[in-house]
Amino acid sequence: MATARQIAALNQDLTVAVEREKNARAQVEDALRVALKKAEDAANTQRAQQATQATLQSAIVSIVKQLRSGGMSLDDLTPDLRQSVLVELAGQVKSGEVALAQLPALLQTAVEPLLGKLTDKQPNILTGYKVDFIEARIALPRLTGDLASDASARPLDYINYSLVMGRSHRMAIYSAVNLARSQRMTLQATGGRLRYDVRLPRDAQPDRSWYLSPDRLWLPAQLANASDIAWGPEFAGDPATAALKLAQYAYVLPNTMPQPRAFYGNKWAPLENWVRTQHNPLANRVTIFSGPTFRPADRPVDGVPVPYAYWKLAVSSVPAAVKGEVSEPEFVVDAFLIPGDATGEFNPEQYRLPVAELEKRTGLNFGYLIEWTDSVKHPGSNGTAADELAGRVKLLDGANDVLRAELIAVLGNPNLPVPERRKIVAALVEMAGLRSMTGLTPAGRLNVLEALLGVPPELWERPDWLPLFADARRAIADLFLSVADGQTIIDDQDRDALIALKDRLRIQPSTQTVYVQFAGMAREDAEALSAKMRALGWGIPKPGEERTSAAAGMNEVRYNSDSNTDRRAAELLAADLTAAGQPAIARAARIGINTLEIWVSV
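A quick note: this is a predicted structure, and the numbers were derived from the prediction, not measured. (Residues numbered from 1 in each chain as written. Predicted model: local features only at pLDDT ≥ 70, side-chain atom pairs only at ≥ 80, totals over all residues. Heavy atoms only, no water.)

Participant: With reference to specific residues and values, describe the overall build of the protein chain.
Facilitator: Helix and strand content of the protein chain: 22 helices and 15 strands. Within the protein chain, the proportion of its 602 residues that are buried is 48%. In the protein chain, once contacts between residues fewer than 6 apart in sequence are set aside, the share between residues at least 24 apart is 74%. Total accessible area computed for the protein chain in this model is approximately 28,900 Å², and 53% of it derives from carbon and sulfur atoms. (Helix = DSSP H or I, 4+ residues; strand = E, 2+ residues; numbered from the N terminus. Buried < 20%, exposed > 50% of the residue type's maximum accessible area, 1.4 Å probe, protein only. Contact = heavy atoms within 4.5 Å. Areas by Shrake-Rupley, 256 points an atom, 1.4 Å probe, with all protein chains shown as cover.)

Participant: An account of helix α17 (residues 442-453) is requested, with residue identities and associated values reported.
Facilitator: For α17, with 12 residues, the first-to-last C-alpha span of 17 Å sits near the 16 Å given by 1.5 Å per residue. Within α17, burial applies to G444, R445, L446, N447, V448, L449, A451 and L452. (Expected span 1.5 Å × (residues − 1).)

Participant: Talk me through the sheet that holds strand β2 (residues 156-157); I want residue IDs and the actual numbers.
Facilitator: As summarised here, the arrangement of the 6 strands in space is β2-β3-β4-β7-β8-β9, forming an open sheet in which the pairing is antiparallel. One side of each edge strand has no neighbouring strand; the edge strands of this open sheet are β2 and β9 (330-339). Of the strand pairs in this sheet, strand β3 (residues 161-166) and strand β4 (residues 171-180) are connected by 6 bridges, and their pairing is antiparallel. Counted as the bridge partner of M165 is A172 from β4. Lying on the sheet, helix α12 (residues 368-377) is in contact with β7 (285-293), β8 (309-318) and β9; it crosses β9 at an angle near 85°. (Pairing = 2+ DSSP bridges. Axes fitted to C-alpha atoms, helices over the stretch in contact; angles between N-to-C directions.)

Participant: Could you give an account of the pairing of strand β15 (residues 595-601), with specific residues and numbers?
Facilitator: The buried count for β15 comes to 7 of 7 residues, which makes it a mostly enclosed element. Of the two faces of β15, the one holding T595, E597, W599 and S601 and the one holding L596, I598 and V600 are both buried throughout. As judged from the 7 bridges shared by strand β11 (residues 513-519) and β15, these two strands associate in the parallel manner. Opposite Q517, over in β15, you have W599 as the bridge partner. Of the strand pairs in this sheet, strand β13 (residues 556-560) and β15 are connected by 3 bridges, and their pairing is antiparallel. Note that in β15 the partner of R558 across the bridge is E597.

Participant: Explain the sheet that holds strand β14 (residues 585-589) to me, using residue names and the numbers behind them.
Facilitator: The strand order across the open sheet built from 5 strands is β12-β11-β15-β13-β14, with neighbouring strands paired in mixed fashion. Each edge of the open sheet carries a strand with a single partner, namely β12 (545-547) and β14. Along the sheet, successive strands turn relative to each other by an average axial angle of 25°, direction set aside. Strand direction decides the pairing type here: β11 and β12, joined by 3 bridges, are parallel. Note that in β12 the partner of F518 across the bridge is R547. Along the sheet, helix α22 (residues 564-579) contacts β11, β13, β14 and β15; its crossing angle with β13, the most-contacted strand, is approximately 170°.

Participant: Outline the nonpolar core, supporting the account with residue identities and numerical values.
Facilitator: Core analysis: the largest hydrophobic core is formed by 96 residues, its most contacted members being F289, L313, I370, W460 and W538. V87, Y158, L194 and V304 belong to the second-largest nonpolar core, a separate cluster that totals 56 residues. (Core = buried A, V, L, I, M, F, W, Y, C linked by side-chain atoms within 4.5 Å.)

Participant: Lay out the packing of helix α14 (residues 401-411) against helix α15 (residues 418-431) with the relevant residues and their values.
Facilitator: Where α14 meets α15, the axes come as close as 10 Å, and the angle between the chain directions of the two elements is 135°. Regarding the angle of α14 to α15, the classification is oblique. For the element pair α14 and α15, the recorded crossing hand is left-handed. Judged by residue contacts, L407, V410 and L411 of α14 engage R421, I424, V425 and L428 from α15. Of the residues belonging to the contact of α14 with α15, the class tally is 6 nonpolar, no polar and 1 charged. (Parallel < 35°, antiparallel > 145°, perpendicular 65-115°, else oblique. Left-handed = near helix turned anticlockwise from the far one by under 90°. Nonpolar A, V, L, I, M, F, W, Y, C, P; charged D, E, K, R; others polar.)

Participant: Give me the lowdown on the packing of aromatic side chains, citing residues and values where you can.
Facilitator: In total, this model carries 15 aromatic pairs according to the counting rule given. Aromatic pair F133 and W231: ring centres 5.6 Å apart, planes at 40°, arrangement tilted. One end of the pair, F133, is in the loop between α4 (117-120) and β1 (142-143); the other, W231, is in the loop between α6 (226-229) and α7 (239-250), with 98 residues separating them in the sequence. The class for F133 is buried, based on a relative accessible area of 6%. Ring centres 5.1 Å apart and planes at 40° place the aromatic pair F263 and Y310 in the tilted group. (Phe/Tyr/Trp six-rings, centres within 6.5 Å; stacked < 30°, edge-to-face > 60°.)

Participant: Outline the pattern of salt bridges, supporting the account with residue identities and numerical values.
Facilitator: Evaluation of the coordinates by the stated rule reveals 22 salt bridges. A salt bridge links R295 to D298; the shortest N-O distance between them is 3.2 Å. Note that E406 is salt-bridged to R392, the shortest N-O span being 3.1 Å. Taken together, the positions of E406 in helix α14 and R392 in the loop between α13 (385-391) and α14 put the pair 14 residues apart, joining distant regions of the chain. (Salt bridge = Lys/Arg side-chain N within 4 Å of Asp/Glu carboxyl O.)

Participant: Give me the lowdown on the environment of L395, citing residues and values where you can.
Facilitator: Relative to the helices and strands, L395 resides in the loop between α13 and α14. With a relative accessible area of 46%, L395 lands in the partly exposed category. A C-alpha to C-alpha distance of 9.8 Å links L395 and N447, two positions 52 residues apart in sequence. Ignoring sequence-local partners within four residues, the contact set of L395 consists of N400 and L403.

Set out below in structure tokens:
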């Protein structure tokens, strides 16, 4: 039994651990509060900047008209306003809305430096969307059903974003954007007409006429917002040149989708601002997918293919420093879908939806990481995505190579939440138990063993996986014992997988000698327990069991506190005993090094 001094020491250790946990939690909460306040301030600043920029842009356009007609001179303008006006005018010239030769001579001379080769020249590589931009590989969403045959052959790359174009509506199916918040620049929005992308036939991209009706019913809303892609070396240097480059990459017809004017102002623009500033405010890098969605019965409105709804999805990681630990990254996902006829002010919670539902509405598949991360927050009727996959493990009983491959791929994906992967491993370990394996077909048994081999070794070594690790060791050891007993459920095709698992689960001779003290149980039961531990490699002599009344009320594995190797071995042995139905804990004691003592009773 533990002495009063030992109990006091344990209580002290527990108090210190709890206090550290509270402090760490408080630090995380403080960091989150600061980040949320910054995000709110950034959103307010963004709205104010956009309102100011809209007013300024309107004034600049009016001044340009006066300059072109000769009603005003550049000398009448302040230096900053002069520069902004020239950038606007250069944008109109570059888009073809205004011919350079039609401008007054002084204006031509002033504008020509902004029309040089620097802005006309495309970079050597249009980098497009990067799949490894955040702390995980986020591939482009996969097209399913009719979308797969409707999409263009390859993504259309720009700077910091890509578009996947669809043929049937002459519109992008979705955009994929990399946003680096800390590097984002506020650049002037230049005027001029929207440009066709010369890499596509004109009839394969939105028609400029959609946005030029007399009543201007439809606005060309951007899939990849210019503010989100305005970062990086391509936009370094002179702000005027950077603004013209941004127009070159963002104000193109493939990057547009028609939206009602009121919808854009009340819904889409506020959603863009929310994602830009308030989605996971702790993250610097954010991946954003956006697009329109159509129903089969939707018909063009006056020749314009108008989507019935618009969606946006953002994903990012939580920095390890904020979590107060160095471990696998955690991810945040926000998904929204807004019907095109929605009215009123924007409320993010009104239009938020589970990723699984967004996939049904759009015909897209966003991949395991996004699906799994979101399913923890929005579990379905069968639980999370991991719960559903764990429930399908029983279908391995047959020639189900596809399911086995899916399980192995999921288990080996380092970006999926570890607690969720643990659910699948637990289901596999249960299937690997002797009772379950006895009822499986030969193909089913091999599938289970092969799937268990797909568990990355580093997962087995996690301290929080020790009970599951012990359960797996027990299952594999029992299968080997069944072979020794002459049972026939394991055949030649299983042996290689079993041997590999035996090595993976460290079922091998221990370096410690183990002695067993027991009370309150028959000797036969103590010897049977010892036999189970020997099957796992524990060095229990024969005979190694001693009945003693001192073991009454105890269920522990003792080890020398000066040896970390013995401590780890004792923790594993205690877990192995628990897996065998004899719950136990590891406890330091005054015994020799390389020696463990099991004290058990019932």
